Amino acid sequence: MRNVEKTAQLVDATGRPFVCEAPNEQAASEGVLANLKYLAVGTMFGIVFVKAEVVSWFRIQEMFRLQAFHMYGVIGTAVAVGMLSMFLIRTFKIRTLAGEEVIVRDKTFNQGQIYGGLIFGLGWALTGACPGPLFAQIGAGYPAVAVTLISAVAGTWLYGYFREKLPH
């Protein structure tokens with residue numbers, strides 16, 4: 001993808017306009033210093049991942065072998081917190097720190113999500129890493145996970161390249 005200078009519109013590999021299915025509609029721009037809050041939250045999130053053993057290859061393998069509840073509990077808690085958060089955001093019309101309305105658009109289902117989910121799950125089971133804790137795993141001293149990170153980037157690029165040819 002490249003930027004088109006005058007319109008600042010992204011285009012795909014074929015030159016057609018790229019349309020994001022989940023755009024960030026934030027109107028206010030944030031400076032570099034304002035973005036440090038994201039670095040701090042991300043660092044804390046990574047520490048929680050390491051302490052909760054979410055980045056442990058052994059814990060992930062236990063989950064896929066149905067040998068332990070640990071990861072199912074973590075994932076279930078994340079789903080419950082996400083559901084409660086979305087309910088509260090919608091019910092109380094909670095705004096961003098910049099005072100902007102939070103807009104959550106409805107998603108449409110397509111058949112490609114089944115294939116993508118299967119590929120994602122297979123990769124997760126084989127590598128013991130999903131995109132969430134990849135950087136926490138690298139930060140915790142698991143350098144072999146760099147291969148998984150490179151594979152995730154390559155898979156994302158391949159998806160973008162072949163997206164129009166994939167089942168809908």
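A few points on the structure. (Residues numbered from 1 in each chain as written. Predicted model: local features only at pLDDT ≥ 70, side-chain atom pairs only at ≥ 80, totals over all residues. Heavy atoms only, no water.)

What follows is about the packing of helix α2 (residues 57–64) against helix α3 (residues 70–92). Contact geometry of α2 with α3 gives a least axis separation of 7 Å together with a crossing angle of 90 degrees. For the element pair α2 / α3, the angle class is roughly perpendicular. On α3, the residues that touch Arg59, Ile60 and Met63 of α2 are His70, Met71, Tyr72 and Ile75. Among the residues making up the contact of α2 with α3, the classes are represented as five nonpolar, one polar and one charged. (Axes fitted to C-alpha atoms, helices over the stretch in contact; angles between N-to-C directions. Helix = DSSP H or I, 4+ residues; strand = E, 2+ residues; numbered from the N terminus. Parallel < 35°, antiparallel > 145°, perpendicular 65-115°, else oblique. Contact = heavy atoms within 4.5 Å. Nonpolar A, V, L, I, M, F, W, Y, C, P; charged D, E, K, R; others polar.)

With that out of the way, let us pick up α3. A rise of 1.5 Å per residue sets the reference length of α3, with its 23 residues, at 33 Å; its end C-alpha atoms lie 33 Å apart and thus fit the reference within 8%. One or two steps after α3, the chain reaches lysine 93, where phi turns positive at roughly 50 degrees. (Expected span 1.5 Å × (residues − 1).)

Another aspect to go through is helix α1 (residues 36–51). Here α1 spans 23 Å end to end across 16 residues, near enough to the 22 Å set by a 1.5 Å rise per residue. The positive-phi residue at the C-terminal boundary of α1 is glutamate 53, with phi of around 65 degrees.

What follows deals with the packing of aromatic side chains. Geometry of an aromatic ring pair is reported as the spacing of the ring centres plus the angle between the planes. On inspection of all chains with the given rule, the structure shows six aromatic pairs. Relative to tryptophan 124, the ring of phenylalanine 120 lies with its centre 6.0 Å away and its plane at 55 degrees, an arrangement referred to as tilted. With phenylalanine 120 and tryptophan 124 both in helix α4 (residues 112–127), this residue pair falls four residues apart, about one helical turn. Judged by its relative accessible area of 41%, phenylalanine 120 falls in the partly exposed class. The buried category is assigned to tryptophan 124, whose relative accessible area is 15%. Between tyrosine 161 and phenylalanine 162, the ring centres sit 5.0 Å apart and the planes meet at 85 degrees, which makes this aromatic pair edge-to-face. Ring pairs connect the aromatic residues Phe64, Phe120 and Trp124, which therefore count as one cluster. (Phe/Tyr/Trp six-rings, centres within 6.5 Å; stacked < 30°, edge-to-face > 60°. Buried < 20%, exposed > 50% of the residue type's maximum accessible area, 1.4 Å probe, protein only.)

Our next topic: the pattern of salt bridges. Under the counting rule described, the total for this entry stands at two salt bridges. One salt bridge in this structure joins arginine 59 and glutamate 53, with 2.7 Å as the shortest N-O distance. Overall, arginine 59 belongs to the partly exposed group, its relative accessible area being 23%. In this structure glutamate 53 comes out as partly exposed when scored by relative accessible area, which is 35%. A salt bridge links arginine 59 to glutamate 62; the nearest nitrogen and oxygen atoms lie 3.4 Å apart. Of the two residues, arginine 59 and glutamate 62 are both situated in helix α2; the distance of three residues between them amounts to about one turn of the helix. Several salt bridges converge on common partners, so that one network encompasses Glu53, Arg59 and Glu62. (Salt bridge = Lys/Arg side-chain N within 4 Å of Asp/Glu carboxyl O.)

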